[in-house]
Amino acid sequence: MYANSTFFFSPGGDTGPRKALFDGIALNSIPVIFEETSLDVTYPAYFPGNPRDYSVFLNSSSDDIMGQLRNISSSRILELQNNIARVRDSVAYLPDANAYDATWVMMKQLEQYKLNGYKFIDRFPNKTTLYCVDKDEEFHGQCRFLK
């Protein structure tokens, strides 16, 4: 959801920012904040820089929140997204942009599962029964399998 969204609503949580705030920023979505106290006091404890540089504060008492978002210029949206890219490293689950974490691997496997007609790929198509023969240095501590 966050990856396909320009903005995401981030109302205050029980204590400090909600996990959704970290997830949204990690996926370059712009947080929409409704509590100025959270924006000015709480978020600087978790993120570098000025939170107003990478999030939007909206008046939640307004009847037209979506209208307020539509009125934000495309140049301002681009500026916010560029600033989020700088903040994102502080919430990244990965050491760098070229690494893959467990979530990425899982999503790629689910994508392959869907492309394969919702059938798991047989990773050992020529094996009927697998036995762990031994664990030696040649196989980096992994099992060698025999049919």
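Refer to the preceding data block for the structure.
Residues numbered from 1 in each chain as written. Predicted model: local features only at pLDDT ≥ 70, side-chain atom pairs only at ≥ 80, totals over all residues. Heavy atoms only, no water.

**Thoughts on helix α1 (residues 19-26)**
The criterion, for reference: Throughout this description, buried means an accessible area under 20% of the type-specific maximum (1.4 Å probe, protein chains only), exposed means over 50%, and partly exposed covers the range between. Numbered from the N terminus, helices here are DSSP runs of H or I no shorter than four residues, and strands are runs of E no shorter than two. Note on contacts: a residue pair qualifies if any of its non-hydrogen atoms lie within 4.5 Å across the two residues.
Within the sequence span of α1, burial applies to Ala 20, Leu 21, Asp 23, Gly 24 and Ile 25. Next to the buried residues of α1 lie β1 (7-9), β2 (30-33) and α4 (74-88). Just downstream of α1 lies Asn 28, where phi reads positive at about 65 degrees.

**A closer look at unusual backbone geometry**
At Asn 28, a position not held by glycine, the phi torsion is positive, near 65 degrees. The class for Asn 28 is partly exposed, based on a relative accessible area of 24%.

**Remarks on the sheet that holds β2**
Keep this limit in mind: The pairing criterion is simple: DSSP has to find at least two bridges between the two strands. The axes are straight lines fitted to the C-alpha atoms, using for helices just the contacting stretch, and the angles between their N-to-C directions are given from 0 to 180°.
Spatial strand order, β1-β2-β3: 3 strands in an open sheet with parallel pairing. Of all the strands in the sheet, the pair left with one neighbour each is β1 and β3 (56-57). Both β2 and β3 contribute to a ladder of 2 bridges, which runs parallel. Its bridge partner being in β3, Ile 33 is matched across the sheet by Phe 57. Contacting β1 and β2, α1 crosses the sheet at an angle of about 175 degrees to β1. Those strands touched by α4 are β1, β2 and β3, and its axis lies near 105 degrees from that of β2.

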